[in-house]
Amino acid sequence: MFENQHRVVEDELCELLAALPAISIEGARAVGKTWTASRHANTVYALDDPDTLDRVRTDPRLLLEGEPPILIDEWQRYPASWDIVRRAVDADFSAGRFILTGSTRPETRPTHSGAGRIVTLRMWTTTLFERRPAPNAVSLRGLLAGDQPDIAGRIDLTVEEYAHEITAGGFPGWRHVTGRPRTLLLDGYLHRLAEHDFPLAGHRVRNVAALRRWLAAYAAATAGTASYETIRDAATSGEGDKPAKTTTIAYRDTLEAMWLLEPQPAWLPTGSHLTRLKRSPKHHLADTALAARLLNATPDTLLGGHTAPLPAGPSHGGLFGALFESMVAHDLRVHAQASGTRVAHMRTWNDQREIDIVLEAERGVLAVEVKLGADVTRHDTRHLRWLRDRLGPALIDAAVVTTGADAYRDPDGIAVIPAALLSP
């Protein structure tokens, strides 16, 4: 499976365990939380095992026994475990004592947030860099450091291979599965959301097909800023009486609570004359494989453009372009987390200017455009140059992420980077 695969988040986990007593790793189901946490734990309590859960319910202090770090896996199955860890940390703030993992925020909330005791660490599905490590990768940390470092590198990944990576996705345990078996895994994952995970999060689903339509509507809106009403209309197409927002908003909230929806917020800078900006987030699912499956997209249909229309989707670029942008945004979220960098997007009020991805760090911003193609022209970089003219030194760097083979800087100093060469 993925025994030898190093995850980007592991470096951050090691750093935090060396300094803090309790780390909670959170993320969607099947992103690899348990496997990653187990590699750094000496004692494991798997609360999704009925026998272990029964023993813990009988004697909750069992969770404090064993050599640290102690891993409490799927802690939301026994929400009281959160407060048990919090109180243990209050009594002893020694580093590296506990790791908690969870795929769903529980219906029964802990009595205390854990602020100041338990630090949350997000985990996503694998990035292209994790799946295909490249020795000449371009470091996001280096770009954010400023001074526009030299960019060089090459990777021979074709557009066809990018289409395959998008539909295969980044769930680490499924990388060896192809064809119909992987399709069945994705369908089973989506079905489990309604049958099991939604009730665990406190929202029972009476109509499984309706939930899938909602997910498909969000998938169709990938990398776009469609309104809630537009997504609702796409999800309830053919229904005479549209459900009220107060009724259906629970779907969205629960999907976000399970980290299945990953909104990319709008960038709203402070201390800048860029004030007339739109505030709507861009929509992304946890993994491009889920979006592709919900829209019945395959590598062949993406490459041929033979995909269903996007009633709630972006107005340009088509599905392949939207999913490629979503994959790049996902990877940059993973790489940016360790530096505390916020990932957003920018669009002016009149839609005349937009930046696909804005990474906001303490010292300024890194602006990124995403292009499904290899050749980058000045037309492709016009919004980046416009933003540089307005921000001046506050724009740390600017880049275009492509499906090309070579990394370089163009005559305007803008970095051109193949998506597969993005690294922490």
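The rules behind these values
- Residues numbered from 1 in each chain as written.
- Predicted model: local features only at pLDDT ≥ 70, side-chain atom pairs only at ≥ 80, totals over all residues.
- Heavy atoms only, no water.
- Patch = residues over 30% accessible without salt bridge, like charges linked within 9 Å, V, L, I, M, F, W, Y side chains within 5 Å.
- Areas by Shrake-Rupley, 256 points an atom, 1.4 Å probe, with all protein chains shown as cover.
- Salt bridge = Lys/Arg side-chain N within 4 Å of Asp/Glu carboxyl O.
- Lys, Arg positive; Asp, Glu negative; His and termini not counted.
- Charge placed at Lys NZ, Arg CZ, Asp CG, Glu CD.
- Helix = DSSP H or I, 4+ residues; strand = E, 2+ residues; numbered from the N terminus.
- Buried < 20%, exposed > 50% of the residue type's maximum accessible area, 1.4 Å probe, protein only.
- Pairing = 2+ DSSP bridges.
- Expected span 1.5 Å × (residues − 1).
- Axes fitted to C-alpha atoms, helices over the stretch in contact; angles between N-to-C directions.
- Contact = heavy atoms within 4.5 Å.
- Polar contact = N/O pair within 3.5 Å; in protein donor to acceptor, adjacent residues only side chain to side chain.
- Phe/Tyr/Trp six-rings, centres within 6.5 Å; stacked < 30°, edge-to-face > 60°.
- Lys NZ or Arg CZ within 6 Å of the ring centre and 35° of its normal.

Asks: Describe a negative patch on the surface, and please don't skip the residues or the numbers.
Replies: Judged by side-chain charge, Asp48, Asp49, Asp51 and Asp54 come together as a negatively charged surface patch. Checked against the element boundaries, Asp48 lands in the loop between β2 (43–46) and α3 (50–58). On the basis of relative accessibility, which here comes to 39%, the residue Asp48 falls in the partly exposed class.

Asks: Account for the pattern of salt bridges, naming residues and giving values.
Replies: Under the criterion given, the structure shown has 25 salt bridges. Between Asp397 and Arg409 there is a salt bridge, and its shortest N-O distance comes to 2.7 Å. One end of the pair, Asp397, is in strand β11 (residues 395–402); the other, Arg409, is in strand β12 (residues 406–409), with twelve residues separating them in the sequence. According to the relative accessible area criterion, Asp397 is buried, its value standing at 2%. Look at the salt bridges and you will find they share partners, linking Asp83, Arg86, Asp90 and Arg117 into a network.

Asks: Which residues make up the pairing of strand β1 (residues 22–26), and what values go with them?
Replies: Among the five residues in β1, five count as buried, and that is most of the element. A two-sided burial pattern is seen for β1, the buried positions comprising Ala22, Ser24 and Glu26 on one face and Ile23 and Ile25 on the other. In the sheet, β1 pairs with strand β5 (residues 118–122) via five bridges, with the strands oriented parallel. Bridge pairing in β5 links Ser24 to Thr120.

Asks: Before we move on, could you go through helix α14 (residues 318–337) and cite the residues and values that matter?
Replies: A rise of 1.5 Å per residue sets the reference length of α14, with its 20 residues, at 28 Å; its end C-alpha atoms lie 29 Å apart and thus fit the reference within 8%. Within α14, 19 of the 20 residues are buried, leaving the element largely enclosed by the surrounding structure.

Asks: Summarise the sheet that holds strand β3 (residues 70–73); cite the residues concerned and give the values.
Replies: Taken in spatial order, the five strands of this open sheet run β2-β3-β4-β1-β5, and their pairing is parallel. Unpaired on one side and paired on the other, β2 and β5 mark the two borders of the sheet. Neighbour-to-neighbour, the strand axes of the sheet open up by a mean angle of 20°, direction not taken into account. Strands in contact with helix α4 (residues 80–91) are β1, β3, β4 (98–102) and β5; relative to β4, the strand with the most contacts, it is inclined by about 160°.

Asks: Talk me through helix α1 (residues 8–17); I want residue IDs and the actual numbers.
Replies: By the criterion of burial, α1 is predominantly enclosed, with seven of the ten residues buried. Considered for burial, the residues of α1 that qualify are Val8, Val9, Glu10, Glu12, Leu13, Leu16 and Leu17. Along its buried surface, α1 packs onto β1, α2 (33–38), β4, β5, α5 (128–131) and α14.

Asks: Residues and numbers for the side chain of Thr126, please.
Replies: Of note, Thr126 is situated in the loop between β5 and α5. A relative accessible area of 0% means that Thr126 is categorised as buried. Only 2.8 Å separates the side chain of Thr126 from the backbone oxygen of Gly170, close enough to count as a polar contact. Ignoring sequence-local partners within four residues, the contact set of Thr126 consists of Gln5, Arg7, Arg131, Gly170, Pro172, His330 and Asp331.

Asks: Report on the pairing of strand β13 (residues 415–418), specifying residues and quantitative values.
Replies: Residue alternation in β13 divides its side chains into two sets, Ala415 and Ile417 and Val416 and Pro418, and both sets are buried. When β11 meets β13, the two strands line up parallel, connected through four bridges. Bridge assignment links Val400 to a residue of β13, and that residue is Val416. Between β12 and β13, which pair antiparallel one after the other, the connecting turn spans five residues, and Gly413 there sits at a positive phi close to 85°.

Asks: Quick one: what's the story with the packing of aromatic side chains, residue by residue and with numbers?
Replies: Enumeration over the complete set of coordinates arrives at six aromatic pairs. Ring geometry for Trp174 versus Tyr189: centroids 5.7 Å apart, planes at 85°, classification edge-to-face. In this pair, Trp174 is assigned in the loop between α7 (159–168) and α8 (179–200) and Tyr189 in helix α8, connecting sequence segments 15 residues apart. The burial state of Trp174 is the same as that of Tyr189; both residues are buried. With a centroid separation of 5.9 Å and 35° between ring planes, the pair formed by Trp214 and Tyr228 is classed as tilted. Here Trp214 is found in helix α9 (residues 208–220), whereas its partner Tyr228 is found in helix α10 (residues 228–235), with 14 residues between them in sequence. With respect to class, Trp214 is no different from Tyr228; both count as buried. One aromatic cluster is present, formed by Phe171, Trp174 and Tyr189 through successive ring pairs. The cationic tip of Arg122 hangs over the ring face of Trp124; the distance from NZ or CZ to the ring centre is 4.4 Å. Sitting over the ring of Trp349, Arg276 keeps its end group 4.2 Å from the ring centre.

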